[in-house]
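A closer look at the structure
As a plain string of letters, each chain reads:
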Amino acid sequence: MTTDKATEQASDVHISFDNVVKSYDGSTQVVKDLNLDVNRGEFLTLLGPSGSGKTTCLMMLAGFESITSGTITIDGRAIQDILPHKRGIGMVFQNYALFPHLTVRKNLSFPLEVRGMSASERNSRVMRALELVQLEGLENRKPRNLSGGQQQRVAIARALVFEPEIVLMDEPLGALDRRLREEMQYEIRRIHQQLGVTMVYVTHDQQEAMVLSDRVAVFRDGRIEQIATPETLYEEPSRVFVSSFIGDNNVLYGEVREVQDNDICHVSIGPDRNVQALSVEETKPGEPVWVAIRPERVGIAKTENQYSNQFDAIVNDIVFMGDHLRINVDTCGVRNFIIKIPNLVGHGAVLPGDEIQVGWATLDCRALSMDSEKT
Amino acid sequence: MRKNFQFRSLIGGSLLCIAANCVWAEETLTVVSFGGSYAKACVDGYHKAFTEETGIKIKLEDYNGGLAQIRAQVDAGSVHWDVVDTESSPLLTGCDEGLFEYVGDLDLPPAPDGTPASEDFFDGQIQDCGIGTLVFATVIAYNPENIDGEMPTTLQDFFDLEKFPGRRGMRRSPASNLEFALMGDGVPPDQVFELLSTEEGMQRAFRKLDSIKEHVIWWETGAQPPQMLADGEVIMTTAWNGRIFNAQVIEEQPFKIIWDGHLRDVGALTIVAGAPNLENAKKFLKFATSTRAMVGVANHISYAPLRHSGLPLVGKHAVTGEDMQPHMPTYPENSKNFLWNDVEWWSEREDELTERFNAWLSR
Amino acid sequence: MASTRSQNQEPSRLVPIGLALPLVAFVLVTFVIPLGTMVVQSAYDPQVAQALPKTLDLLRDWNDSALPSSDVFETIASELISSREDRSIGKVATRVNRIKSGSRSVFAKTARRLERVEDTDLKTAMIEIDDRWEDIELWRAIRSAGQKFTARHYLRSVDLEPAQDGGIQQVSEDQRIYNTLYFRTVYVSLAVTVLCFLIGYPIAYAIASVSDSWAKILLVIVLVPFWTSLLVRTTSWLVLLQNQGVVNDVLVWIGLVSDDSRLALVHNMTGTLIAMTHVLLPFMILPLYAVMRSIPPDYMRAAASLGANPIEGFVKVYFPQSLPGVSAGCLLVFILSLGYYITPALVGGTKGQLISNMIAYHIQTSLNWGLAAAISVILLIGVFVCYFIFDRWVGIDKLKLG
């Protein structure tokens, strides 16, 4: 039922934050004038370093934190006055919060019992939920007798078993080791696709956010820096913070010399060194800018003028990463400039100390205005 | 830092104590008594004089009566008490159990007029294990402020709920209450124990207690009765006369004592079996049972000397100047109708009667 | 070679053993030895057997329907005289007196006068001195007191006694007290435990939910009663609760009760429960607080997110998780209540007499340590049963005190 509704109204707004402010002490704002829409059926990740306000937003939505000012609406209805247990939002907690005194079955049927469901209905739903997370046969275990991954699955199953339209997850994979974490990422993705519920997911792990999300909201100091699909965030970060938080980035400091009509600008990054870059926002000559280049978009030039931006470089270090090589060079007056070269046959062996030329295309290089720092 | 200092001073202090103990061990004596105003009366009455005359220092300790601590010391073979102030009933029990030294042959000092001790003492108070030193009384006391109209004057009035409605205080123990019950029921004092030896007499005593049971507040410690009178918790209570005296004279409470039908008992001094300072203890016992020491106590608290020669010598209270004679249980005015406690009788029946009394209380 | 090895290994083994030694010694001295002595005393009493060995030998063949023969009289006469000399006669007298009340004085009196008797017919002489020697019951009592090992104390401690025919019978009705006192003790302890729980749980919850700085202040308030003497606390309850006390004065002043119908709050069960609950409350709060502090707030949030209202969440999620604290607190309070007697004795009136008061009486006053030990052993067994139930139910390792 939920699934049908979700697909029908795929792009309508389900949850909305309007000018939401949160402050604990009345002066310091943890969340600053936040505006955010979450679409029905969407998987939205709130990404940011710790203390950036993402978890606070989640808690306000779940009803465990009060809203200082502004409104949060679900389906257009303000939720301030709805008690947490009446919001019908499923939630997965950082440490799972599985009830340790209850078996897996009892944990799962807890939300069904408080809703007064019949025993047979409860049982079939519990079994369905266990099937969904592939934990059939463990229903009589106590949480402490489960592995971390199994506990995680039970926590997810419990948040889903009462078929909420919204599911919140607060760093649910933080306690797992890397391999398990990746496995669970795909699991969560599968479950979301299968059920089509609206998911709001909090994490500080950008890779996790990329794997899971339809859209990612990057938080910093209580504000959203940028909200976009993972691809857009990666390819077209609008802020320097975003560009370095999502994936690796080489950042050069410079001053705009000239702006062309086609959003291409020339940036001086040092004496006699100019870079052609894509101007993200409107810039004027004379303005200081950051120029960001993804390491994998940088190549080792085999000929003169192979790239529109090409510079001399000295190799500091080469790290073999399996599928690619990570080369650390000095170039453009910057130390530790990173280049990633796919591990292809004949990638052209370089050694530390080699003098080489590196370069990149104009469109792979984004000039980000300095103002974005302060917003 | 501060903790460290405290710790060090603690260690230092205890080392000092240990050292000091070694020094004192030669000429000290551990005397154990009931504390409070009575112990103070003993210190001022004769302890000081004893130390002055003999050079033996007295280390005074408090206890709450009973024999448990003494038995524990004797059984363990590490006795550190020398002289113990005791009541007549534990004296007998402890004597039977071998907890006390034999003192029946001590050469006690004669009366000031030369009468030998054996004639000067009240009958039977030079016992095998202890020497009687004082007479105290269990009396009925009341607070006139809590009673309207006519005041009670006799033991019968204590049991008369119609004339004197209100709560009474009684000790939670069969001793004294059974005697009061029979005397309150009109039995002459000299027949009380005879009658109590029969089942009919015992039932009569309990029946009498039954008649006021619902109105009784039971006390456990000697400090409670004067407190209950002062608080208005009870209108009348049984009490030890020294405690009431203390409230009257020192705390200036308006309490009154009904001497009619009071119970007389003795306090005695005894030496713990295996006392570390046996010779000093004997010296102390001789000194403490002299007429002079007994009178010294009686001039501080209303416990009468146990020697005939002592009674006339009791004078004024050493602090307040109150004439002590009328406060003595043995004062002729107070001695018209009273009963001596029969320790032998109680020692044979106390266990049985305590059980019976508690069973009765529980019903 | 061998010596090097042992040198290498011994310190590692000896150090923990050495560290545990003071504890072992402490437990031995303060617990095992006194407890052992107590258990021994409850069933073993050789005093009479040592004082009258020959008499007891002869009494073994005595058919107890008639007076013993004159040689028994002669034997006991000489043994009484010698036990008077070594001052063990008092111990015989008190022990026989415990079995047959009212026979204490017969021994010392007889022994004293026998020394002067020249008569050869000692039987007649003794009966002349005291006619209680004609009483067969006295002889039975002597025989019974002569048993070194006896179940008498245990029987007595549950209001039973050996019967004439060798069986067991209840003691006469007006002597039955111990069973009543056990039940009352358990009842009072249970009531105090329940009250402590009802009062202590919300307090512990409050302390566990406020900020750390507030929690410290509240804990101090909880602990203050610990820092005052038991007697002072108990006495102050008397002052507060008595008829003319503060509580009644306040109630009269605000008009809740009239002056002539002041509430009886003390010298009855109410007083016992109030004072004991106050005294023992910290023992409930501390373990509860320790457990509650370790329950993460996420559990209640999880319950709410799953649709449980705060009450359901509390009942189904929070409370079950605080159970180790509940049971630890209840166990502590219950066991401590079993041994409390000063407080109930002072504020409890006629109902304030608990089993421990009788233990104290027999230790302090009657010196019947055998009976005191028997009662204590029974009480101790009760405590062990509680402990066992607790261990089975929650596990003793869950006991937390803060």
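Fair warning: this is a prediction, and the values are worked out from it, not measured in the lab.

1. What to know about the overall build of chain B
The secondary structure content of chain B amounts to 14 helices and 10 strands. Over its C-alpha atoms chain B spans a radius of gyration of 22 Å, differing by no more than 12% from the 21 Å that the globule rule assigns to 363 residues. Based on the C-alpha atoms only, the size of chain B along its principal axes is roughly 65 × 65 × 45 Å. The burial tally for chain B puts 50% of its 363 residues in the buried class. A fraction of 73% describes how many contacts in chain B between residues 6 or more apart in sequence connect residues 24 or more apart.

2. Points about the interface of chain C and chain B
On the chain B side, the residues contacting the 32 residues of chain C number 29 residues. Sorting the residues of the side of chain C that touches chain B by element identifies α5 (89-99), α6 (104-114), α17 (342-347) and α18 (355-364) of chain C as the ones contributing at least two each. It is α5(C) that provides the largest number of residues to the side of chain C that touches chain B, a total of six residues. Broken down by class, the residue content of the side of chain C that touches chain B amounts to seven nonpolar, 19 polar and six charged.

3. Focus on the sheet that holds strand β4 (residues 69-74) of chain A
Sheet strands associate in pairs through backbone hydrogen bonding, adopting either a parallel or an antiparallel arrangement. The four strands are arranged β2-β1-β4-β5 (chain A) in an open sheet whose pairing can be described as antiparallel. A strand with exactly one partner marks an edge of an open sheet, and here the two such strands are β2 (29-39) and β5 (77-78) of chain A.

4. Notes on the confidence of the model for chain B
All names here are of chain B. Per-residue confidence for chain B averages 90 on the pLDDT scale, and 93% of its residues sit at or above 70. Highest mean pLDDT in chain B belongs to helix α7 (residues 177-184) (97); lowest belongs to helix α1 (residues 2-24) (45). Confidence over residues 1-25 falls short of pLDDT 50; this stretch has one contact with residues more than four positions distant or in other chains. In the predicted complex, the global pTM is 0.82; the interface-specific ipTM is 0.85.

5. Brief notes about the interface of chain C and chain A
Opposite the 14 residues of chain C that make contact, chain A presents 19 residues. Counting only elements with at least two residues in the side of chain C that touches chain A, the list comes to α15 (298-305) and α16 (310-339) of chain C. Taken together, the residues of the side of chain C that touches chain A break down into seven nonpolar, four polar and three charged.

6. Digging into the nonpolar core
Membership of the largest hydrophobic core comes to 152 residues, with the highest contact counts inside it found for B:V272 and B:V297. Of the residues forming this core, the biggest block, 14 residues, is contributed by helix α14 (residues 269-293) of chain C. Among all residues touching B:V272, those that are not within four sequence positions of it are B:I70, B:Q73, B:V74, B:V79, B:W81, B:D82, B:V84, B:L99 and B:F100. Listed in part, the 105 residues of the second largest apolar core include A:M60, A:I89, A:V329 and A:I339.

7. What about the packing of helix α4 (residues 70-85) of chain C against helix α7 (residues 122-129) of chain C?
Residues and elements named next belong to chain C. Running from amino to carboxyl end, α4 crosses α7 at an angle of 65 degrees, the nearest separation of the two axes being 8 Å. On the basis of the axis angle, α4 is roughly perpendicular to α7. Of α7, the residues touching α4 (which contributes S70, F73, E74 and A77) are L122, K123 and M126. Across the contact of α4 with α7, the residue classes tally to four nonpolar, one polar and two charged.

8. So, the environment of A:D12
Residue and element names in this part refer to chain A. Structurally, D12 can be placed in the loop between α1 (2-8) and β1 (13-23). We classify D12 as partly exposed; it has 13 C-beta atoms within 10 Å. Distance from D12 to V275, taken between C-alpha atoms, is 42 Å for residues 263 residues apart in sequence. Residues in contact with D12, not counting those within four places in the same chain, are N39 and R40.

9. A closer look at the domain arrangement of chain B
Residues and elements named next belong to chain B. Domain annotation of chain B identifies domain 1 (27-135 + 266-332) and domain 2 (137-263 + 336-362). Taken over C-alpha atoms, the centre of domain 1 sits 26 Å from the centre of domain 2. Tallying the contact residues gives 14 residues for domain 1 and 11 residues for domain 2. Among the secondary structure elements, those contributing two or more residues to the side of domain 1 that touches domain 2 are α2 (36-54) and α4 (88-96). Take the side of domain 1 that touches domain 2: its biggest share by element is four residues, from α4.

10. Comments concerning the arrangement of the chains
By contact count, the dominant pairing among the two pairs of chains in contact is that of chains B and C. Regarding chain A and chain B, the two do not touch, and the least distance separating their C-alpha atoms is 38 Å.

11. A word on helix α4 (residues 119-132) of chain A
Residue and element names in this part refer to chain A. With 14 residues, α4 extends 20 Å from end C-alpha to end C-alpha; this agrees with the ideal 20 Å at 1.5 Å per step. The complete set of buried residues in α4 reads R122, V126, A129 and L130. Along the axis of α4, the buried positions cluster into a sector of 100 degrees, meaning they face one direction only. Exposed residues on α4 whose side chains face more than 90 degrees from its buried face are S120, E121, S124 and E131. On its buried face, α4 sits against α3 (104-114) and α5 (148-160). Q134 lies just past α4 and shows a positive phi near 60 degrees.

12. A few points about helix α8 (residues 136-145) of chain C
The complete set of buried residues in α8(C) reads C:W139, C:A141, C:I142, C:R143 and C:A145. Where the residues of α8(C) are buried, they touch α2 (47-51), α3 (53-60) and α5 of chain C.

13. Focus on the environment of C:S69
Residues and elements named next belong to chain C. Its place among the elements puts S69 in the loop between α3 and α4. The exposure class of S69 is exposed, given the 12 C-beta atoms found within 10 Å. For the pair formed by S69 and I89, sequence separation is 20 residues and the distance between their alpha carbons is 22 Å.

Quick notes on the rules
- Residues numbered from 1 in each chain as written.
- Chains lettered and ligands numbered in written order.
- Predicted model: local features only at pLDDT ≥ 70, side-chain atom pairs only at ≥ 80, totals over all residues.
- Helix = DSSP H or I, 4+ residues; strand = E, 2+ residues; numbered from the N terminus.
- Rg over C-alpha atoms; globule rule 2.2 N^0.38 Å.
- Buried ≥ 20, exposed ≤ 12 C-beta atoms within 10 Å, placed from the backbone.
- Contact = placed C-beta atoms within 7 Å.
- Nonpolar A, V, L, I, M, F, W, Y, C, P; charged D, E, K, R; others polar.
- Pairing = 2+ DSSP bridges.
- pLDDT = per-residue confidence, 0-100.
- Core = buried A, V, L, I, M, F, W, Y, C linked by C-beta atoms within 7 Å.
- Axes fitted to C-alpha atoms, helices over the stretch in contact; angles between N-to-C directions.
- Parallel < 35°, antiparallel > 145°, perpendicular 65-115°, else oblique.
- Domains from an automatic or database assignment.
- Expected span 1.5 Å × (residues − 1).
- Arc of directions from axis to C-beta.

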